[in-house]
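Residue-level listing of the chains:
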Amino acid sequence: MRRLKKLLKENILIMDGAMGTMVQSYNLKESDFQGKRFSDHSIDLIGNNDILSLTRPDIIKEVHTLYIKAGANIIETNTFSSNSISQSDYKMENFVYEMNLESAKIAKSVVNDFGNDFSFVAGAVGPTNRTASLSPDISKPSFRNISFDDLKNAYYEQAAGLIDGGIDIFLVETVFDTLNCKAALYAINELLKERNTDIPIMVSGTITDASGRTLSGQTVEAFWYSIRHVDLIAVGLNCALGAKEIRPWLSELSTIADTFISVYPNAGLPNEYGGYDESPKELAKFIEEFALDGLVNIVGGCCGTTPEHIRAICDVIKGIKPRKIPAISPLTRLSGLEAVVLRPENNFVNIGERTNITGSLKFKRYIKEKKYEQALSIAREQVNNGAQIIDINMDEGLLDSETEMIEFLRSIASEPDISKVPIMIDSSKWSVIESGLKNLQGKGIVNSISLKEGEDLFVEQATSILKYGAAVIVMAFDEKGQAETYKRKVQICTRAFNILTKHVGFAPEDIIFDPNIFAIATGIDKHNEFARDFIRATETLKKNFPLVHISGGVSNLSFSFRGNDIVRESMHSVFLYHAIKAGMDMGIVNAGQLAVYDDIEHNLKECIENVIFNPQKKS
Ligand code: THG
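The rules behind these values
- Residues numbered from 1 in each chain as written.
- Predicted model: local features only at pLDDT ≥ 70, side-chain atom pairs only at ≥ 80, totals over all residues.
- Heavy atoms only, no water.
- Core = buried A, V, L, I, M, F, W, Y, C linked by side-chain atoms within 4.5 Å.
- Buried < 20%, exposed > 50% of the residue type's maximum accessible area, 1.4 Å probe, protein only.
- Helix = DSSP H or I, 4+ residues; strand = E, 2+ residues; numbered from the N terminus.
- Contact = heavy atoms within 4.5 Å.
- Pairing = 2+ DSSP bridges.
- Axes fitted to C-alpha atoms, helices over the stretch in contact; angles between N-to-C directions.
- Parallel < 35°, antiparallel > 145°, perpendicular 65-115°, else oblique.
- Left-handed = near helix turned anticlockwise from the far one by under 90°.
- Nonpolar A, V, L, I, M, F, W, Y, C, P; charged D, E, K, R; others polar.
- Near = heavy atom within 4 Å.
- Polar contact = N/O pair within 3.5 Å; in protein donor to acceptor, adjacent residues only side chain to side chain.
- Areas by Shrake-Rupley, 256 points an atom, 1.4 Å probe, with all protein chains shown as cover.

Chemist: When you look at the nonpolar core in this model, what are you seeing that I'm missing?
Modeler: One recurring pattern in soluble globular proteins is that nonpolar side chains are buried together. Phe170, Val296, Ile390, Phe408, Phe513 and Phe575 are the most contacted members of the largest nonpolar core, which totals 173 residues. No other element matches the ten residues that helix 9 (residues 178-194) contributes to this core. Each residue touching isoleucine 390, except ones within four places of it in the same chain, is listed here: Ile351, Gly352, Thr355, Ala379, Gln382, Val383, Ile412, Ile418, Val421, Pro422, Ile423 and Met424.

This is the structure in structure tokens:
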């Protein structure tokens with residue numbers, strides 16, 4: 001790790017080129033793929049390049065050697081499809097561990113024989129042939145042929161083989177669905193922790209076409225925010241496009257990523273026969289421009305590239321300084337299909353409340369009657385009415401909340417006009433939250449955790465959230481109950497902040513406090529303090545923890561005025577007017593149903609302000 005980091009600070013490192021193109025040039029037959037060992041295999045193995053590490057290791061070794069001799073610093077193991085999911089197409093899933101182990105050993109032996117202090121083996125971890133965020137059946141948008149856990153298990157097995165074979169780097173590559181990638185990263189980190197070791201991880205995404213999006217619909221920025229919770233040595237782009245077409249997306253990633261940048265494009269766009277024609281000289285010219293413009297730290301080639309391409313890249317790269325890692329300001333960076341960055345100068349962030357089974361009778365009815373189209377239209381309406389995030393809650397005694405959460409999140413994923421925004425997973429049940437996290441491609445928010453059951457569980461859940469890469473709402477709730485007073489709100493949030501940042505490793509900007517918005521004017525005296533104490537606590541917390549956000553369920557405030565929407569909406573608006581001034585910067589609201597403060601009738605406004613600030617009682 002240290003050697004690689006040091007080298008990357010001073011040099012642009014070179015990756016190898018395509019394995020597939022090279023293997024093709026050997027004109028191998030079925031018997032080569034089968035070898036002796038699999039000569040009675042039930043189905044054809046031709047085309048399963050990864051199996052050659054077991055049946056024709058001489059060829060794989062030769063290709064690696066050609067690339068090392070051409071000047072590559074990083075060679076990739078022949079394991080792009082060496083996972084049980086992809087290998088099941090060839091009924092080879094039982095050999096996955098061995099394939100990875102042997103492939104890693106072959107690459108390592110080449111580095112040992114022909115490499116130098118600048119040579120590394122990257123364990124190639126491909127995307128598999130299934131996608132966790134998309135349905136393979138257009139008539140069933142919430143259907144998936146693979147789950148996060150299936151992927152995680154498959155990747156774990158692959159990663160174990162690669163580690164045991166001695167790789168120096170993990171390369172999770174050709175990411176077309178970020179949820180697949182998140183499962184790979186989860187598995188790799190789990191394994192590294194178990195082995196008590198640290199191997200640098202690179203991720204390389206694939207932008208499919210000129211839309212600038214991955215196959216599963218994310219923009220480059222959204223993709224990066226979805227994975228940056230993992231300590232990556234580098235992030236980059238490969239495949240699908242040639243260097244010319246990849247440039248704008250590379251340039252964007254290079255600006256926003258506070259880690260090293262890699263790029264290994266195809267040798268141009270495919271020709272009419274699916275081949276690649278860009279010459280070594282042409283590709284090298286583009287890569288040289290990337291380097292001169294300070295966009296890159298690691299460069300190489302993908303489909304259609306050969307040792308000649310790598311040699312040409314080496315020639316032009318010599319002496320060019322690597323990109324410097326930019327400093328990125330600590331802002332909350334969320335994503336759905338698109339990115340949402342919460343900047344201090346932005347307006348208050350609206351979180352749509354209506355996709356909540358206890359918060360909307362209509363939504364509840366649609367879910368209960370399995371009218372998902374209509375349920376989706378509520379989500380869409382929230383987004384169209386200005387919700388920048390949507391809160392989803394399926395907590396209802398008579399429903400299987402976990403199943404409904406998964407079903408709805410998967411349905412949303414097929415609706416780009418909804419899934420463009422980040423998702424807030426709202427549940428009081430941890431199992432529902434975790435199921436939700438396993439079905440979020442982007443970087444979402446967990447709503448919520450608290451110290452209610454004590455510190456151990458709090459730490460355990462927060463640690464888990466961090467591994468999935470989500471932000472978190474912390475309710476002002478501890479072992480003694482919900483914080484009602486100013487003092488308890490500040491005390492509990494402060495305690496939670498310290499645990500999260502010092503013990504769990506949360507970034508302050510990924511923490512959102514919810515100091516509890518309770519119903520006021522209920523007839524019970526004590527309740528009349530609630531709004532004012534929320535606002536006061538907000539002010540103190542925001543002052544003490546400037547990077548943290550303050551949120552709350554705004555409609556709770558007016559529960560005692562149910563049925564009187566004019567009063568309710570006016571109350572919300574007046575409350576927000578003051579709470580926002582105090583530092584509240586996001587809230588769960590009925591998007592599009594907030595009165596404009598200045599339009600509220602004078603008498604009503606005065607009444608509401610009295611109710612909120614409760615001046616009868618001296619503080
Ligand atoms: N903090 C956090 N999360 C939360 C809350 C909070 N999630 C749930 C809730 N509170 C916020 N969401 C809502 C959603 C709807 C309403 C109130 C809060 C609401 N609904 C109408 C009602 O009950 O009168 C329903 C009307 C209808 O059926 O259309 O008021 O505080 N972190």
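After that view of the structure, there is still more to cover.
Chemist: Before we go on, may I ask you to explain the pairing of strand 9 (residues 332-335) in this structure?
Modeler: Successive side chains on a regular strand alternate, one facing one side of the sheet and the next facing the other. Residues Thr332 and Leu334 point to one face of strand 9 and Arg333 and Ser335 to the other, with burial holding for every one of them. The sheet contact formed by strand 9 and strand 10 (residues 339-342) spans four bridges and is antiparallel. Within strand 10, the position partnered with arginine 333 by the bridge is valine 341. Turn length for the strand 9-strand 10 hairpin, with the two strands adjacent in sequence and antiparallel, is three residues.

Chemist: Explanation requested: the packing of helix 18 (residues 430-437) against helix 19 (residues 455-468) in the structure shown.
Modeler: A pair of packed helices can be characterised by two numbers: the angle between their axes and the separation between those axes. Contact geometry of helix 18 with helix 19 gives a least axis separation of 10 Å together with a crossing angle of 10°. Judged by the angle between their axes, helix 18 and helix 19 are roughly parallel. Of the two possible hands of crossing, helix 18 and helix 19 adopt the one that is left-handed. Contacts between helix 18 and helix 19 pair Trp430, Glu434 and Leu437 from the former with Gln461, Ser464, Ile465 and Tyr468 from the latter. In terms of residue class, the contact of helix 18 with helix 19 is made up of four nonpolar, two polar and one charged.

Chemist: Explanation requested: the site of the ligand in the structure shown.
Modeler: Taken together, the neighbourhood of the ligand is formed by 18 residues, with Asn447, Asp514, Asn556, Arg562 and Arg568 sitting nearest. Interatomic distance of 2.8 Å between a side-chain N/O atom of arginine 354 and an oxygen atom of the ligand. Between an oxygen atom of the ligand and a main-chain N or O atom of glycine 553, the distance comes to 3.2 Å. The protein chains hide 81% of the 670 Å² of surface that the ligand would expose on its own.

Chemist: What should I look at first to understand the packing of helix 8 (residues 148-165) against helix 9 in this one?
Modeler: Helix 9 packs onto helix 8 with a crossing angle of 50° between their chain directions and a minimal axis gap of 8 Å. The angle between helix 8 and helix 9 places the two elements in the oblique class. Judged by the twist between their axes, the crossing of helix 8 over helix 9 is right-handed. Residues Phe148, Leu151, Lys152, Tyr155, Tyr156, Ala159, Ala160 and Ile163 of helix 8 form the contact with helix 9, whose participating residues are Leu179, Asn180, Lys182, Ala183, Ala184, Tyr186, Ala187, Ile188, Glu190, Leu191, Leu192 and Glu194. Residues of the contact of helix 8 with helix 9, tallied by class, amount to 15 nonpolar, one polar and four charged.

Chemist: Just to check I follow, could you spell out helix 13 (residues 307-317) for this structure?
Modeler: In an α-helix, one turn spans 3.6 residues; hence positions three or four apart end up facing the same way. Among all positions in helix 13, only Pro307, His309, Ile310, Ala312, Ile313, Cys314 and Ile317 are buried. Elements in contact with the buried residues of helix 13: strand 1 (13-14), helix 2 (20-24), helix 5 (57-70), helix 12 (280-292) and strand 8 (298-299). Two residues or fewer after helix 13 comes glycine 319, characterised by a positive phi angle close to 85°.

Chemist: Is there a simple way to explain the sheet that holds strand 2 (residues 74-76) in this structure?
Modeler: Backbone-to-backbone hydrogen bonds join strands into a sheet, with any given pair of strands oriented parallel or antiparallel. Strand order in the open sheet made by the eight strands is 1-8-7-6-5-4-3-2, with parallel pairing throughout. The open sheet has two edge strands, strand 1 and strand 2, and neither has a second partner. Here strand 1 pairs with strand 8 via two bridges, running parallel. Its bridge partner lying in strand 8, leucine 13 is registered against isoleucine 298. Against the sheet, helix 9 touches strand 4 (169-175) and strand 5 (201-205), its axis set at about 170° to strand 4.

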